[in-house]
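# Architecture and fold: a report
Letter by letter, the chains look like this.
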Amino acid sequence: MTRYGMAIDTKRCFSCNKCSMACKVEHNLPEDVLWSRAHTEGGDYYLTPSGTYPNDLHMGFYTLACQHCAEPACFEVCPTGATSVRDDGIVVVNYEECIGCKSCIEACPYEGFVPLSKTRPTLWTGKSATRRHPTFKTERCQSAPSASSALTAAKYPSASRCVTCVPARLAT
Amino acid sequence: MKDALPNKMIMGEYLIDIMKTGKWNGEDTTFKALYIQAHDPLDNGCAPTEMIETWDKIGFVVTADQFMTTSAQYSDLVLPVATSFESEGFEAQVREPFLRTKAIEPLGESKCDYDIWRGIAAAMGYDDLYPWTVEELLRQYLDTPENIEAGVAYDDYAAAGGAIMGEYVYAEDPPVEHNDLGRTKFYLESWVPRLQTEETIEPHDRLPYYKPAIEAYLDNPDREKYPLFGFSNHDAYHGQSMHAHSQWLDQFRKLDGSPFCRIHETAAAERGIKTGDMVRCFNSHGYVVLRAVVTKGIREDSVWLPHGFYADEFVDGFAQSLTGHNVDPQTQNANFNDMILQVEKYEGGAE
């Protein structure tokens, strides 16, 4: 069965989070929701290193989003069947069937990204991918960039906006 | 046009000197009004404390802007400017130039910059100064015989919805300039200051040379009061202030709702500061109250300050107020990272 994944060269990532911001713009996510985020592997806070100052410091980055697990915990606990696994392995949520119980969020073994709005979501513009019950299923990630990024899309016809927006791609 | 005077180009930073001395290049010079457009000098420039004093001397300050910047808040009059979605224009400073079409009419009383000039000119009795509409102006710019023949005139862009997609041929990046021996060229034969200035060009100005900091140097006696060095940077989240009050960006640049500084763990421990605490950074120029992030990833004697927020995003004061009026006479740019400061834990409430 086809399995999709996102390949990220963590040696090149410097946690600019432009991919996270592009994702947020692409999906018009509520203010406090991030479907993907670059995290710091180092100190206790974002962009701080671990180790001993000054010559033994360590800081790295990794991005975290829905992993579209082979055996998704969110799928197992969904009481309404809103969460499903497509034939291509993409885990999706049918918003018409979702009742917002947050069971999927609780069951998800990954922490550190913000898939759910704690309060009624505040949106910047009109219709959002998450207008009812914000969750973290990125069905649209495979789709072509939106018309609003037409110029970028012309250069990178097969890439999602999260890819076209990051500076590291220029070196590829 | 009658009554027209020759234009004098002066870097805005020099307003401070002119209003102190009444002189510019030896001539008596003063200003009775200041019109600020497409700029937020208090949030982006250096020495905002002295700039505010300068504006007080000028007496009448007008800011035309899309946003209520700190500069706009300090102005006597604010003229609302329509956003790029509400006005027509041509974006030429990009690789794929495009005609910016108007999505909606300007909201409220806002107008595009050009229409504001037209209104002011007409009110002052100069109806003939800007006789064209925005579209007429754009047609003058775009409808050249060459553009019409190439299919990139106004009507072509308008028919294409603004952007004409095509096979663009980009100019090569400028090559590295080298001297007759093929080596990197450091000596600048034709070096001139950025704008008119009294400064003369010395031989050393034509070559790279070391210039000591004006404030941020080790032996500065003022470091007894302000022992730490301050600096900021321009990254995607701390550029100019056009992205102030952006809640999306704030997810990566604020801590519990407040901008933050970065301070080394040793300097923080000496002051009883831990990550998340409110701290007051101050020097002789100004002060700011914001949160602290304690890190090993900075020099023990240095503090990183955020750039690009409006003053009303800080609990009190604002970060740029710690910068001084230290303009380089040749480039006529300010020294953003030439500052010393002290940091203390902030116990007060929001003012």
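Note that the structure is predicted; figures quoted are calculated from it, not measured.

## Quick word on the overall build of chain B
Check the secondary structure of chain B and you find 10 helices and 15 strands. Every one of the 351 residues in chain B was classed for burial, and the buried ones make up 43%. Pairs at least 24 residues apart make up 65% of the contacts formed inside chain B by residues separated by at least 6 positions. Approximately 19800 Å² of chain B is accessible, and the part contributed by carbon and sulfur atoms is 54%. Each charge sign in chain B was given a centre, from 29 positive and 59 negative side chains, and these centres are 5 Å apart.

## Brief notes about the overall build of chain A
For chain A, the helix and strand inventory stands at 5 helices and 6 strands. Listing every helix and strand of chain A by position from the N terminus yields α-β-β-β-β-α-β-β-α-α-α. When burial is assessed residue by residue, chain A has 40% of its 172 residues classed as buried. Taking the intrachain contacts of chain A between residues at least 6 apart in sequence as the baseline, contacts between residues at least 24 apart amount to 57%. Within the structure as shown, chain A displays about 9800 Å² of accessible surface, and the carbon and sulfur contribution to it stands at 53%.

## Some thoughts on unusual backbone geometry
Residues Tyr53 of chain A and Pro54 of chain A are joined by a peptide bond in cis, for which omega reads 5 degrees. Tracing the sequence through the fold places Pro54 of chain A in the loop between strand 2 (50-52) and strand 3 (56-58). At Lys102 of chain A, a position not held by glycine, the phi torsion is positive, near 70 degrees. Structurally, the position occupied by Lys102 of chain A is in the loop between strand 6 (91-93) and helix 3 (103-107). By relative accessible area, which is 38% here, Lys102 of chain A ends up partly exposed. One non-glycine residue with positive phi stands out, namely Asn25 of chain B, at about 55 degrees. Along the chain, the position of Asn25 of chain B falls in the loop between strand 1 (23-24) and strand 2 (27-28).

## Focus: the side chain of His238 of chain B
Residues and elements named next belong to chain B. In this structure, His238 sits in the loop between strand 8 (228-231) and helix 9 (247-253). For His238, a relative accessible area of 5% translates into the label buried. If we ignore the near neighbours within four places in the chain, the residues touching His238 are Asn233, Arg253, Trp304, Pro306, His307 and Phe309.

## A closer look at the packing of aromatic side chains
In total, this model carries 12 aromatic pairs over all chains according to the counting rule given. Taken together, a centroid distance of 6.3 Å and an interplanar angle of 45 degrees make the contact between Tyr46 of chain A and Phe252 of chain B tilted. Here Phe252 of chain B lies in helix 9 and Tyr46 of chain A lies in the loop between strand 1 (36-41) and strand 2, a pairing that spans two chains. Phe252 of chain B carries the same exposure label as Tyr46 of chain A, and that label is buried. Here the aromatic rings of Tyr114 of chain B and Trp117 of chain B are separated by 6.1 Å at their centres, their planes lie at 75 degrees, and the arrangement is edge-to-face. Here Tyr114 of chain B pairs with Trp117 of chain B, and both are found in helix 5 (residues 113-123), just 3 residues apart, close to one helical turn. What makes Tyr114 of chain B buried here is its relative accessible area of 9%. Pairwise contacts between aromatic rings join Tyr45 of chain A together with Phe260 and Trp304 of chain B into one cluster. Above the face of the Phe282 of chain B ring, Arg280 of chain B is positioned so that its terminal group lies 4.7 Å from the ring centre. Between the NZ or CZ atom of Arg280 of chain B and the centre of the ring of Tyr287 of chain B, over which it lies, the distance is 5.0 Å.

## Notes on helix 6 (residues 134-142) of chain B
Taken together, the buried positions of helix 6 of chain B are Val134, Leu138 and Leu142 of chain B. Buried residues of helix 6 of chain B, viewed axially, fall in a sector of 60 degrees; they line one side.

## Let's talk about the interface of chain A and chain B
Of the residues lining the interface, 28 residues belong to chain A; the matching set on chain B comes to 24 residues. At the boundary of chain A with chain B, total buried surface from both sides reaches about 2200 Å², with 65% on carbon and sulfur atoms. Linking chain A with chain B are 0 salt bridges. Between the two partners, chain A and chain B, sit 6 residue pairs in polar contact (both at pLDDT 80 or more). Broken down by secondary-structure element, the contributors of at least two residues to the side of chain A that touches chain B are helix 1 (18-27), strand 2 and helix 4 (150-155) of chain A.

## Notes on helix 1 of chain A
In an α-helix there are 3.6 residues to a turn, and that puts residues three or four apart on one side. Counting buried positions over the 10 residues of helix 1 of chain A gives 8, a clear majority of the element. Those residues of helix 1 of chain A that sit buried are Cys19, Ser20, Met21, Ala22, Cys23, Lys24, Glu26 and His27 of chain A. Each element contacted by the buried residues of helix 1 of chain A is listed here: strand 1, strand 4 (60-65) and helix 5 (161-164) of chain A together with helix 9 of chain B. After helix 1 of chain A finishes, the residue Asn28 of chain A shows a positive phi value of roughly 50 degrees.

## Structural notes on the sheet that holds strand 3 (residues 34-37) of chain B
Residues and elements named next belong to chain B. Taken in spatial order, the 3 strands make up an open sheet running 3-4-5, and their pairing is parallel. Only two strands of the sheet have a single partner each, and these edge strands are strand 3 and strand 5 (77-80). Each neighbouring strand pair of the sheet contributes to a mean axis angle of 20 degrees, computed without reference to strand direction. Pairing geometry for strand 4 (residues 61-65) and strand 5, over 4 bridges, is parallel. Paired with Val62 across the strands is Leu77, a residue of strand 5. Where helix 5 meets the sheet, its contacts fall on strand 3, strand 4 and strand 5, and the angle it forms with strand 3 comes to roughly 160 degrees.

## Comments concerning the nonpolar core
With 22 residues, the main nonpolar core has Cys261, Val279, Cys281, Val303, Leu305 and Val343 of chain B as its most contacted residues. At the level of secondary structure, the elements contributing two or more residues to this core comprise strand 10 (258-264), helix 10 (265-270), strand 11 (278-282), strand 12 (287-295) and strand 15 (339-345) of chain B. Contact partners of Val279 of chain B, with chain neighbours within four places excluded, come to Cys261, Ile273, Val288, Val289, Leu290, Arg291, Ala292, Val343, Glu344, Lys345 and Tyr346 of chain B. Tyr45 of chain A together with Phe252, Leu255 and Val293 of chain B belong to the second largest nonpolar core, which has 13 residues in total.

What counts and how
Residues numbered from 1 in each chain as written. Chains lettered and ligands numbered in written order. Predicted model: local features only at pLDDT ≥ 70, side-chain atom pairs only at ≥ 80, totals over all residues. Heavy atoms only, no water. Helix = DSSP H or I, 4+ residues; strand = E, 2+ residues; numbered from the N terminus. Buried < 20%, exposed > 50% of the residue type's maximum accessible area, 1.4 Å probe, protein only. Contact = heavy atoms within 4.5 Å. Areas by Shrake-Rupley, 256 points an atom, 1.4 Å probe, with all protein chains shown as cover. Lys, Arg positive; Asp, Glu negative; His and termini not counted. Charge placed at Lys NZ, Arg CZ, Asp CG, Glu CD. Phe/Tyr/Trp six-rings, centres within 6.5 Å; stacked < 30°, edge-to-face > 60°. Lys NZ or Arg CZ within 6 Å of the ring centre and 35° of its normal. Arc of directions from axis to C-beta. Buried area = accessible area lost by both parts, 1.4 Å probe. Salt bridge = Lys/Arg side-chain N within 4 Å of Asp/Glu carboxyl O. Polar contact = N/O pair within 3.5 Å; in protein donor to acceptor, adjacent residues only side chain to side chain. Pairing = 2+ DSSP bridges. Axes fitted to C-alpha atoms, helices over the stretch in contact; angles between N-to-C directions. Core = buried A, V, L, I, M, F, W, Y, C linked by side-chain atoms within 4.5 Å.

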